[in-house]
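# Notes for the structure review
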Amino acid sequence: MRGKVLIVEDSTTMRDQLRRALVPAGYEVIDARDGVEGIEMVKRHPDLVLLICDVNMPRMDGITMIETLRAEGPMAPILMLTTEGQPELIQKAKAAGARGWIIKPFDPRLLVKAVSSLARPL
Amino acid sequence: MDINERISRITCEAFEGLLNGAVVSAVSVDPTGDGQEAELVAVIGFSGSQARGVIGLSATPDVIRALYPREDSRDDLGEAELADWTGELANQLLGRLKLDLMRRGVQLWMATPVVLRGVSVHVASSRTAVRKFRFDVDAGVFWAWLDLTLDESVDLESNETTGPGAGDMLFF
């Protein structure tokens, strides 16, 4: 097992696609439907090797979520996965500690490579 | 190319990119023509300082299922998953339009999609700025419409800059 990845994404079909890309690659996958759940899951799973996070979600968006988490202390690397491409959002995510930004749709093989290179070592 | 033609081209290119080779034909159609018994409809609103509007798409469940990227999962998609995927398609479509418009200096902020089931969509009036499109795919027909209002100051033809596109990965 290569470690635990948290997916924070409001679309069930996107969560399914991500899971089906990552599980065969050896990752354990847990998920959350929005930024509020995402924060709860991060606190409950301090052993995460990576977070994959959408931007536009109900209740709490992804940028706000990672800014909130960053204020609370160091955490696993973050990869944003979104349809957004505004430079201002990308800069905000980078400033909040994100290590990457993927614009949907994602290539499963390239996603796994990105996760492998960014994930925290076990 | 006038602005309507430009918007139509941008929209068709965004759909064709989204459907990744599945589109057999793409045409702009009279928005006040017959409505469609589409069963699944997704709409997303958007706004910015220079543009605002709504984008929508509609199709039957069979077409939506056929457009799911994982062939091995298509038969497993229930009603809820099909509705979710319809919303995600609308989300990704608007995302592509946004990126194209962003390269032309137009910034948009978008809401999350709303998915309606068991409805038909009919554009009521030719007086609105609604543009409607028909995309033929192997599994059937996929309809889209765009209600876009641009400020007069927007020039879609000039000053196109480079910028990220769908599928791009950036690392920091």
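First things first, this report covers the structure right here in the doc. It should be emphasised that the depicted structure is a prediction, and the values quoted were computed from it without experimental measurement.

### Digging into the layout of surface pockets
If you add up the space inside the largest pocket, you get close to 550 Å³. Lining the largest pocket are 24 residues, with Leu-18, Asn-20, Leu-67, Tyr-68 and Pro-69 of chain B sitting closest to its centre. Mapped by element, the contributors of at least two residues to the lining of the largest pocket are α1 (12-22) of chain A together with α1 (3-18) and α3 (79-103) of chain B. Here the element with the most residues in the lining of the largest pocket is α3 of chain B; it accounts for four residues.

### Structural notes on the nonpolar core
Residues Leu-22, Leu-50, Ile-52, Leu-79, Leu-111 and Val-115 of chain A together with Phe-142 of chain B are the most contacted members of the largest nonpolar core, which totals 65 residues. Membership of the second largest hydrophobic core comes to 29 residues, among which are Cys-53, Met-60, Met-80 and Ala-96 of chain A.

### Description of the interface of chain A and chain B
Each side of the interface is counted separately: chain A has 35 residues, and chain B has 32 residues. Taken together, the two surfaces of chain A and chain B that pack against each other cover about 2600 Å², and 57% of this comes from carbon and sulfur. Three residues, Arg-20, Thr-83 and Ile-103 of chain A, lead the burial of chain A against chain B; their summed loss comes to 21% of the area buried on that side. Summed over the shared surface of chain A and chain B, the result is two salt bridges. One salt bridge in this structure joins Glu-88 of chain B and Lys-104 of chain A, with 3.1 Å as the shortest N-O distance. For the pair chain A and chain B, the interface holds 15 residue pairs in polar contact (both at pLDDT 80 or more). Mapped onto the side of chain A that touches chain B, the elements with two or more residues apiece are α1, α4 (87-95), β5 (98-103) and α5 (108-118) of chain A. A breakdown of the residues in the side of chain A that touches chain B according to their chemical character gives 17 nonpolar, nine polar and nine charged. With three bridges connecting them, β5 of chain A and strand β10 (residues 169-171) of chain B associate as antiparallel partners.

### What about empty space enclosed by the protein?
Residue and element names in this part refer to chain B. Taken as a whole, this structure holds one cavity of 30 Å³ or more when the rule is applied. As for the largest cavity, its lining consists of Ile-7, Ile-10, Thr-11, Phe-46, Leu-94, Leu-97, Leu-101, Leu-108, Leu-146 and Leu-148. Broken down by secondary-structure element, the contributors of at least two residues to the lining of the largest cavity are α1, α3 and β9 (140-150). Its residues assigned to classes, the lining of the largest cavity shows nine nonpolar, one polar and no charged.

### So, the environment of Thr-64 of chain A
All names here are of chain A. Looking at where Thr-64 falls in the secondary structure, it is placed in helix α3 (residues 62-72). Using a relative accessible area of 31% as the deciding quantity, one classes Thr-64 as partly exposed. Each C-alpha atom of the pair Thr-64 and Ala-96 lies 9.0 Å from the other, and the pair is 32 residues apart in sequence.

### As for helix α2 (residues 35-44) of chain A
Residues and elements named next belong to chain A. Within the span of α2, buried status applies to Gly-35, Glu-37, Gly-38, Ile-39, Met-41 and Val-42. Buried-residue contacts for α2 involve β1 (4-8), β2 (28-32), β3 (48-53) and α3. Residue Asp-34 occupies the N-cap position of α2, its side-chain oxygen lying 3.0 Å from the main-chain nitrogen of Val-36.

Criteria and thresholds
Residues numbered from 1 in each chain as written. Chains lettered and ligands numbered in written order. Predicted model: local features only at pLDDT ≥ 70, side-chain atom pairs only at ≥ 80, totals over all residues. Heavy atoms only, no water. 1 Å grid on protein atoms, 1.4 Å probe; cavity = no way out; pocket = protein on both sides within 12 Å on 5 of 7 lines; lining within 4 Å. Points joined across faces, edges and corners; volume = space filled by probe spheres on them. Helix = DSSP H or I, 4+ residues; strand = E, 2+ residues; numbered from the N terminus. Core = buried A, V, L, I, M, F, W, Y, C linked by side-chain atoms within 4.5 Å. Buried < 20%, exposed > 50% of the residue type's maximum accessible area, 1.4 Å probe, protein only. Contact = heavy atoms within 4.5 Å. Buried area = accessible area lost by both parts, 1.4 Å probe. Salt bridge = Lys/Arg side-chain N within 4 Å of Asp/Glu carboxyl O. Polar contact = N/O pair within 3.5 Å; in protein donor to acceptor, adjacent residues only side chain to side chain. Nonpolar A, V, L, I, M, F, W, Y, C, P; charged D, E, K, R; others polar. Pairing = 2+ DSSP bridges.

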